[in-house]
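Structural features, examined
One-letter residues, chain by chain:
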Amino acid sequence: MHLHEGCLIGYPTVIVSIRAMVVDNEFGGAVLYYPIMASLISKKKGNKLYYYVVESARVDGKPRIVQQTYLGTADRLADLLKERTAPVPLSATTREFGLPGALWLAAQHSGVWGVLKAMWPEPRSGPSIAHYLLLAVIHRICQPGPKTEVADWYRSSILQPLWGLSAERFRSQDFWDAFDEIHVEADQHGGGDELEQAQLRLLAVWKQKQLVSRRLLAYDTTNFYTWTASTNSRNRLAQRGHNKQGRHNLRQVGLSYVLDGENGISLCHHVYAGNVADVEELPKALERIVKMLDHNQIERSSVTLVFDKGTAALDNTLLLKEAGVGWISALPWNQAPPELRDRDIEKVPLCSSDQPGVHAVAERALVHGQEYPCVLKYSASFASEQLHSVTTSLAKVLQSLRRLSMDLAKPGCRLKEAAIRNKIRRWLLSSQFLEDLIQWNLDSENGRWRLQFDFNHAAFQKLLNHRLGRTLLLTNRMDWTAELVVAGYSGQQHVEQVFRGLKDGDWLGWGPMYHWTDSKIRVHAFYCMLGISLLQYIHKQSQSAWPGLTMEQMLAELRQIQQFVLLYPPQGEKGPRRATVVRSKQTFPQQQLAKMLGLDELANHKM
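Residues numbered from 1 in each chain as written. Predicted model: local features only at pLDDT ≥ 70, side-chain atom pairs only at ≥ 80, totals over all residues. Heavy atoms only, no water.

For the rest of this paragraph, the subject is the overall build of the protein chain. Within the protein chain, the secondary structure is distributed over 20 helices and 19 strands. Here the protein chain, with 607 residues, has 46% of them falling under the buried criterion. In the protein chain, 60% of the contacts between residues at least 6 apart in sequence involve partners at least 24 apart. (Helix = DSSP H or I, 4+ residues; strand = E, 2+ residues; numbered from the N terminus. Buried < 20%, exposed > 50% of the residue type's maximum accessible area, 1.4 Å probe, protein only. Contact = heavy atoms within 4.5 Å.)

As a further point, take helix α20 (residues 588-597). All buried positions along α20 are accounted for by Q590, L593, A594 and L597. The buried side chains of α20 occupy one side of the element, clustering within an arc of 100 degrees when seen end-on. Seen from the open side of α20, the exposed residues pointing more than 90 degrees away from its buried face are F588 and K595. Here the buried face of α20 lies against α2 (98-109), α18 (518-545), α19 (551-559) and β19 (578-583). Just beyond α20, the residue with positive phi is G598, at close to 85 degrees. (Arc of directions from axis to C-beta.)

The next point concerns the sheet that holds β19. If you walk across this open sheet you meet the three strands as β7-β18-β19, and the pairing is antiparallel. Looking along the sheet, the strands with just one partner apiece sit at the ends: β7 (91-96) and β19. For this sheet, the mean inter-axis angle between neighbouring strands, taken without regard to orientation, is 20 degrees. (Pairing = 2+ DSSP bridges. Axes fitted to C-alpha atoms, helices over the stretch in contact; angles between N-to-C directions.)

Here we come to the packing of α18 against α20. In a pair of packed helices, the angle between the axes and the distance between the axes together describe the arrangement. Put simply, α18 and α20 touch, their axes get as near as 9 Å, and they point 125 degrees apart. Our classification of the angle between α18 and α20 gives oblique. Our pair here, α18 against α20, has a crossing hand that is right-handed. From α18, I538, Q541, S542, S544 and A545 reach across to α20, where they touch Q592, L593, M596 and L597. The residue inventory of the contact of α18 with α20, partitioned by class, reads five nonpolar, four polar and no charged. (Parallel < 35°, antiparallel > 145°, perpendicular 65-115°, else oblique. Left-handed = near helix turned anticlockwise from the far one by under 90°. Nonpolar A, V, L, I, M, F, W, Y, C, P; charged D, E, K, R; others polar.)

Residue placement: H270 occurs in strand β10 (residues 266-273). Within the structure, the side chain of H270 is placed 2.8 Å from the side chain of E281, a separation counted as a polar contact. (Polar contact = N/O pair within 3.5 Å; in protein donor to acceptor, adjacent residues only side chain to side chain.)

One pass over the structure, following the stated rule, counts 17 aromatic pairs. With centroids separated by 5.7 Å and ring planes inclined at 70 degrees, the aromatic side chains of W104 and W163 adopt a geometry described as edge-to-face. Residue W104 is located in helix α2, and its partner W163 is located in helix α6 (residues 159-163); the two are separated by 59 residues in the primary sequence. For W104, a relative accessible area of 0% puts it in the buried group. Given the relative accessible area of 6%, W163 is considered buried. On the basis of an interplanar angle of 75 degrees and a centroid distance of 5.1 Å, the ring pair of Y132 and F175 is categorised as edge-to-face. With Y132 in helix α4 (residues 129-142) and F175 in helix α7 (residues 172-180), this residue pair connects regions lying 43 residues apart in the sequence. Taken together through their ring pairs, the aromatic side chains of W104, W113, Y132, Y154, W163, F170, F175, W176, F179 and Y527 make up a single cluster. Stacked on the ring of Y225, the Lys or Arg R247 has its end atom at 5.0 Å from the ring centre. Against the face of W333 rests R467, its NZ or CZ located 4.0 Å from the ring centre. (Phe/Tyr/Trp six-rings, centres within 6.5 Å; stacked < 30°, edge-to-face > 60°. Lys NZ or Arg CZ within 6 Å of the ring centre and 35° of its normal.)

The next point concerns the confidence of the model for the protein chain. Averaged over all residues, the pLDDT of the protein chain equals 83, while 87% of them reach at least 70. The low-confidence segment residues 1-35 (pLDDT under 50) makes 61 contacts with residues lying over four places distant or belonging to another chain. (pLDDT = per-residue confidence, 0-100.)

For Q210, which is not glycine, the phi torsion reads 60 degrees and is therefore positive. By the element assignment, Q210 lies in the loop between α8 (194-208) and β8 (216-225). The exposed category is assigned to Q210, whose relative accessible area is 69%. For F433, which is not a glycine, the phi torsion comes out positive at approximately 80 degrees. Here F433 shows up in the loop between α13 (417-428) and α14 (434-437).

Glancing now at the nonpolar core. Core analysis: the largest hydrophobic core is formed by 122 residues, its most contacted members being L133 and W163. In terms of residue count, α18 provides more of this core than any other element does, 13 residues in total. With residues near it in sequence (within four places) discarded, L133 still touches L116, W120, F179, I182, V523, F526 and Y527. Within the second largest apolar cluster, 20 residues are counted, among which are V390, L394, L434 and F455. (Core = buried A, V, L, I, M, F, W, Y, C linked by side-chain atoms within 4.5 Å.)

Further remarks concern the side chain of H139. Tracing the chain through its elements places H139 in helix α4. The contact partners of H139, leaving out residues within four places of it in the chain, are P144, G145, P146, E149, V150 and W153.

A few words on the sheet that holds β10. To summarise the sheet geometry, strands pair through backbone hydrogen bonds and adopt either a parallel or an antiparallel arrangement. Strand order in the open sheet formed by eight strands is β10-β9-β8-β11-β12-β17-β14-β13, with mixed pairing between adjacent strands. The outermost strands of the open sheet, each flanked by one partner alone, are β10 and β13 (358-367). Direction aside, the axes of adjacent strands within the sheet are offset by 25 degrees on average. Note that strand β9 (residues 252-260) and β10 share seven bridges and pair antiparallel. In the sheet register, S256 faces β10, and the bridge partner there is H270.

Take the pattern of salt bridges next. Scanning all chains against the criterion turns up 13 salt bridges. For R155, the salt bridge is made with D152, and the minimal N-O distance between the two is 2.9 Å. Taken together, the positions of R155 and D152, both in helix α5 (residues 150-155) and three residues apart, correspond to about one turn of that helix. Judged by relative accessible area, which is 37%, R155 ranks as partly exposed. Taken together, the shared-partner salt bridges in this structure form one network comprising D152, R155 and E168. (Salt bridge = Lys/Arg side-chain N within 4 Å of Asp/Glu carboxyl O.)

Axis separation between α4 and α7 bottoms out at 9 Å; the angle between their running directions is 120 degrees. Regarding the angle of α4 to α7, the classification is oblique. In this structure, α4 crosses over α7, and the sense of that crossing is left-handed. From α4, I129, Y132, L133, L135 and A136 reach across to α7, where they touch D174, F175, A178 and F179. Its residues placed into classes, the contact of α4 with α7 shows eight nonpolar, no polar and one charged.

As a further point, take the pairing of strand β16 (residues 448-455). Relative to β16, strand β15 (residues 438-445) is paired through eight bridges, and the arrangement is antiparallel. Residue S444 lies in a different strand from β16, and its bridge partner there is W449. The antiparallel pairing of β15 with β16 creates a hairpin that spans two residues between the two strands, and N446 there sits at a positive phi of about 55 degrees.

What follows is the structure, given as structure tokens:
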């Protein structure tokens, strides 16, 4: 028998149980012990008293102890009593704490919140445009979705008690009304572009706080498909073009932007029509970059612009020369000297340990009518990634060709020659290098099409020895070594990571984007790129607590830090209900992150 919860500790009285106990005796028969009594007794061992609960009954007419349970010392009994009498909470509410709290603190410490409030001051009551912009940023990172879901998410986050604003003030219509008041490029209100002014002010603040390096600027372009209807004539940005996500049936918008090559903060961006080629966007982007540098009194020759081979055209090279900025570009493979492209890797020097597995060599080459340093870079890790991609795609396409060949051999196959050839070309163009690795032939025999194909072993060997893992770089930095050029080009990796984070939704969900007007699309791009800057800011901070922490790991750890609001009953009959706020149990890395990002002091943080 176990001791009842309401009958114990601290009272040495005898308590009679209403239950009976049936046990087997030594002769195999059952004996009924009734009644059973439980009492608290003490035994002295040394200088201490130890307490037991004993249960006794009459056996054959004589009192006997039938069970004894050890409780411990008097201090232990006091703890048990305290635990038994602690109040039980009436309800528990969960708040998202770690990630939204870290982003809110980052907006304050990095100067973002101050700039937004200065651009769009608070009204006499309620949230300002700055609130709507920053909430859109944080919501896109924490829980991407439409504006109809923002109010419910805000209500369940740490932002509501920090801001002190009702969730009913953040309906979807409230966002659209607030964004309509922002003057953007070429809108009907006239005047200056407030988003561009805000970006210039942000750069000035970040420069003062030494959050930008001034040395490397990583530039690139991409596009995003939209759900804009084909009949929507009010939208000039969303146009059809070659979509990099494969959604060619949808209208798309283009985005060019510049990141700080060392810290990854977004310095400027531009949204352009989806039918404009990447190479045509650089002149407009370069105009914005030069304006940004001059406005913040940054010497043009002191920065180096890094971009990929998609913008490496003759006209753009001339524009860069006129702008007076340094640049590093990836060079199309067929424009480099053949003797440099085919050089044996064993004869290419290995870089320092700062760039493990990387070889690099520089050579002067005549490109676009002028001599520039041309650098051959070989990366062992990049070669392995390319090899994995090639072999995976090769296996898929070869299987598809085999199935097609069998289908053509079936009686009654009605596939036409043009359809067959188009299908094969589409497969071969689905991945790089496949056209060189697969040989095929389509013949007609007795009114039926026959497909034969083979794997080109010689081309594959050439690919392994002279192509995979290699990148050709071009620069106007005549005095830089090959290793410096390679290190500078690595800033382009920030842009590629941002692209993946935006499109896959791992960092910040760009989509879904249902905006119907150009101005809303520009506002959407502004707060998405602002979110990238806040993420890069806290990621840079987190490296002190956890070196080598990836962005994905940081987001996962911060999302696990929750806050619980426990509601307890009142102490008296008419007293108010009591609430206690506690945090979820944290691992040691989460504790270090919370300390480094200032989450431990967030409870006392005032807006």
